[in-house]
Every structure is written in C-alpha cells, then in structure tokens.
Amino acid sequence: MPGATRAVGLMSGTSMDGVDAALVRLADGAPPRLEAFLAEPYPETLADRLRAVDAGTPLAEVLALDAELAAVFAGAVGALLASAGCKAAEVDVIGCHGQTVWHAPNATPPVTCQLGDPSRLAEATGCTVVADFRQRDMAAGGEAAPLAPLFHAALFGGDAPRAVLNLGGIGNLTVLGAGARVRQGFDCGPANTLLDAWARRHLGRPMDEDGHWAAAGRVDEALLARLLADPYFQRPPPRSTGPEHFNLGWLEHHLAGGEAPADVQATLAELTARSVADAVNQWAPEAGEVLVCGGGANNGELMRRLAAALPGCRVASTASAGVPPEAVEAVGFAWLAGETLAGRAVDLRRVTGSRHPVRLGGIYPA
C-alpha cells in the first residue's frame, strides 16, 4: 500500500466507555494484521459528560470535549505504541473514528457529529491522522453509518455467505455474499446501550457483567412486544440509529410500571437477540454463520440468547476467525485510513444509501 504499511486505528463507540486502539499491518491483497491492541477507559467524569450531550448542550462544552478527547486519544496511541515497542515515526497513519455524540441522518439537513479534534491528535502524536469518515458519505446522500461492513468484508469475507454482527452500544449487521461482497449492512437496533444504562441506574455499575443480572430475570413478553413494535425495526435498509432514539426515555415510555428491574434487564437482552434474529432471518437467510464482535460478544448471556434465537446459524465470536471481538472496529478504522491515503473510494451505496462511491475521511498531516 503506497505510503501506508503500518497504521493505528482508534474507535470509541456509542457505549461511550473508552477508546480502543489497534496497531495494524496493512498490505495490498492481504487482510489487515493486528499487531497490538489496547483498550483505554474514559475517566468516569468524562464518560458522564459525554453521555449528557444532547441537542441543548452548550457549544462551549461540546468544544471542550472535542479538545479533551483528542488528548485522551493521543494518550491511548502513546500507550499502545509503548506496549508494542513501536515508535511514532514508524506509524504511517492514525485512523480515528472519533466519539459520536449526535447522529441524525433523517433530520433536515441530515447531521452527524464525532468529537476528538484530529488536528490536536496529529500535533500531539506527530502522526498523520485520517478522521471525519462519516461526513463525506452523508454529503453524498448516505446515512453515514454503519461503516463497519466495509472492513468486515476485508477481515471476514470468504467463499460462503455469512453475517457479521457488531454488538456495541448499537448493533449493526453486515451481510456478506460469496467473494467478500457486501450485500447489505445496517443498524439492527440497540445492543448494549440500554443494557448498560439500566445497569448503571439500578446496579450502580457500568454494565451487567457477563449478563448475570439479565439471566436472573424473566422476560416480560408484553413489554418485549411493545418495544419490538417501534417502527424502526420494520424500516428497510439503509437505516442507522443511536442513543438519540434508543435511550432510557424511550424505554420508560414503554414501561407499564411496577416491573422488576431484573425482568426489564432480561427483556432488554431478549430485545437485542430478537431484533438481531429478525434482521438475520429477513436480510441474511442464506447465512450459515454469524460472527459476533464488539463488547456484546463477551456477554455470555447475550450470546446464549442469540444462539437460541438463531437455531439455524452458527453463532460465534470473531475470535474463531482470528480477530479478537473487542479489536475489530479499531482494526477496521486503521484499514479505512489506509484506503483513504491510497486514494481509493469505497462503495457504500448498498449500506448507507449514498449516491456513489466516495473517498472517506479528511487527512490531517503530521
């Protein structure tokens, strides 16, 4: 790959719990190769401030977060390179997704916002940075999300049809045909965002570790039916969503009152599993395998529910295909940055609905 053989990918998702950093070797004609990985949690106060961002947040706070996140990202890059024994001068590019705090693809005009000032990141690390991946796709008429299907194909494409499921704050599904062709890609609905928010409220912990609390509850079928009746789940692709839609306010609107918190958690886990299964059955009926990445792949109860909801598919972590589930998206943004530096446009028409292939991301030189 001209000008880019070693890359760092940075990913901070809708869970808003930290940044994942991956050191990746890129070469034309070969899948990206992970050399080192690090997960850097956000300070609790920073995570709380990020989750509080909404349409009424003062501009001064948004700009402060933009600058502060750049420093956090630079720290993660430094820690990653130190752990790998790699110097910044040996890194050709950093691909930084940024922290999404607002995503409204159906607004007028459509908008999406990712924080983590790439100019500050380039200055702090001394590396070229590629960022703002979503903006060009949205300018070309796309929803700007999900971008994961592009690198899912590069990482996991093969001779047989399969699906790749990312379970971050939001779940997104990639449908791969034979020959690593992306047939479809879209956001299924909530994955961990509601589970984590409910756990923070009732357990005082950032998550329901391994789904133990959900496993102790009972699915409330009437509540589940009300949640699944949301029109989003019936929308055909392209479609994307986020915590702007699926949040605790949305959940509370559907509660009848008096539900046991553990039963609500069990119902939310089943909502994730059922909405994914419905999406797979409708849009990937030929897939004999669903590879799962993201934090949800480490939730044993959620994986059990997914397997039960998809009895005709093999449901397995992407670790079985050679890539740790928590590293997939960071590896992917390293790969996307390499594509941008190489001057290659990517085709998201079947994923985001963009009008034509585009070269994603802006380049911020070292």
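What counts, and at which threshold
Residues numbered from 1 in each chain as written. Predicted model: local features only at pLDDT ≥ 70, side-chain atom pairs only at ≥ 80, totals over all residues. Heavy atoms only, no water. UniProt positions renumbered as here; feature names shortened; annotations may be inferred. Pairing = 2+ DSSP bridges. Helix = DSSP H or I, 4+ residues; strand = E, 2+ residues; numbered from the N terminus. Axes fitted to C-alpha atoms, helices over the stretch in contact; angles between N-to-C directions. Contact = heavy atoms within 4.5 Å. Salt bridge = Lys/Arg side-chain N within 4 Å of Asp/Glu carboxyl O. Buried < 20%, exposed > 50% of the residue type's maximum accessible area, 1.4 Å probe, protein only. Domains from an automatic or database assignment. Buried area = accessible area lost by both parts, 1.4 Å probe. Polar contact = N/O pair within 3.5 Å; in protein donor to acceptor, adjacent residues only side chain to side chain. Nonpolar A, V, L, I, M, F, W, Y, C, P; charged D, E, K, R; others polar. Right-handed = clockwise from strand over helix to strand, strands pointing away.

The name that an unreviewed UniProt entry assigns to the protein is Anhydro-N-acetylmuramic acid kinase, with the source organism given as Sediminicurvatus halobius. The record held by UniProt for the protein lists under Catalytic activity (unreviewed entry) the comment "1,6-anhydro-N-acetyl-beta-muramate + ATP + H2O = N-acetyl-D-muramate 6-phosphate + ADP + H(+)". Per UniProt, the protein carries the Function (unreviewed entry) text "Catalyzes the specific phosphorylation of 1,6-anhydro-N-acetylmuramic acid (anhMurNAc) with the simultaneous cleavage of the 1,6-anhydro ring, generating MurNAc-6-P. Is required for the utilization of anhMurNAc either imported from the medium or derived from its own cell wall murein, and thus plays a role in cell wall recycling."

Spatially, S9-S8-S7-S10-S11 is the arrangement adopted by the five strands of the open sheet, whose pairing is mixed. Two strands bound the open sheet, and with one partner strand each, they are strand S9 (181-190) and strand S11 (314-317). Ignoring strand direction, the axes of neighbouring strands in this sheet form an average angle of 20°. Alignment of strand S7 (residues 162-167) against strand S10 (residues 289-293), held across four bridges, turns out to be parallel. Among the inter-strand pairings, valine 164 is bridged to a residue of S10, identified as leucine 291. Across the face of the sheet, helix H11 (residues 300-309) comes into contact with S7, S10 and S11 while running at roughly 160° to S11.

This part covers the pattern of salt bridges. Overall, the coordinates contain 23 salt bridges when judged by the stated rule. Glutamate 289 is the salt-bridge partner of arginine 314, the closest N and O atoms lying 2.2 Å from each other. With a gap of 25 residues between them, arginine 314 in strand S11 and glutamate 289 in strand S10 connect regions that are remote in the sequence. Given a relative accessible area of 41%, arginine 314 falls into the partly exposed group. According to the relative accessible area criterion, glutamate 289 is buried, its value standing at 15%. A salt bridge links glutamate 301 to arginine 305; its shortest N-O distance comes to 2.9 Å.

The subject of this paragraph is the domain arrangement of the protein. According to the domain assignment, the protein contains domain 1 (5-147 + 326-364) and domain 2 (150-321). Computed over C-alpha atoms, the centres of domain 1 and domain 2 are 23 Å apart. Each partner contributes residues to the interface: domain 1 has 30 residues there, and domain 2 has 30 residues. Each partner contributes to the roughly 2,400 Å² buried at the junction of domain 1 and domain 2, and carbon and sulfur atoms together form 58% of this total. A per-residue breakdown of the area domain 1 buries against domain 2 is headed by Thr14, Val328 and Arg350, which together make up 25% of the total. For the pair domain 1 and domain 2, the interface holds one salt bridge. The shortest N-O distance in the salt bridge between glutamate 143 and arginine 235 comes to 3.3 Å. Applying the counting criterion to the domain 1 and domain 2 interface returns nine residue pairs in polar contact (both at pLDDT 80 or more). Elements with a minimum of two residues in the side of domain 1 that touches domain 2: strand S4 (93-104) and helix H12 (328-341). Ranked by residues supplied to the side of domain 1 that touches domain 2, first place goes to H12 with seven residues. Partitioned by chemical class, the residues of the side of domain 1 that touches domain 2 number 17 nonpolar, seven polar and six charged.

Let us now look at the pairing of S11. As judged from the four bridges shared by S10 and S11, these two strands associate in the parallel manner. Bridged to leucine 291 within S11 is alanine 316. Regarding the hand of the β-α-β motif, the stretch spanning S10, H11 and S11 is right-handed.

On to unusual backbone geometry. Of note, the amide linkage connecting threonine 108 to proline 109 takes the cis form, showing an omega dihedral of -5°. Position of proline 109 relative to the elements: it lies in the loop between S4 and strand S5 (111-115). A positive phi angle is found at alanine 144, which is not glycine, with a value near 70°. Here alanine 144 lies in the loop between helix H4 (133-139) and helix H5 (148-156). Since its relative accessible area comes to 0%, alanine 144 is described here as buried. Phi at aspartate 210 takes a positive value of approximately 60°, unusual for a residue other than glycine.

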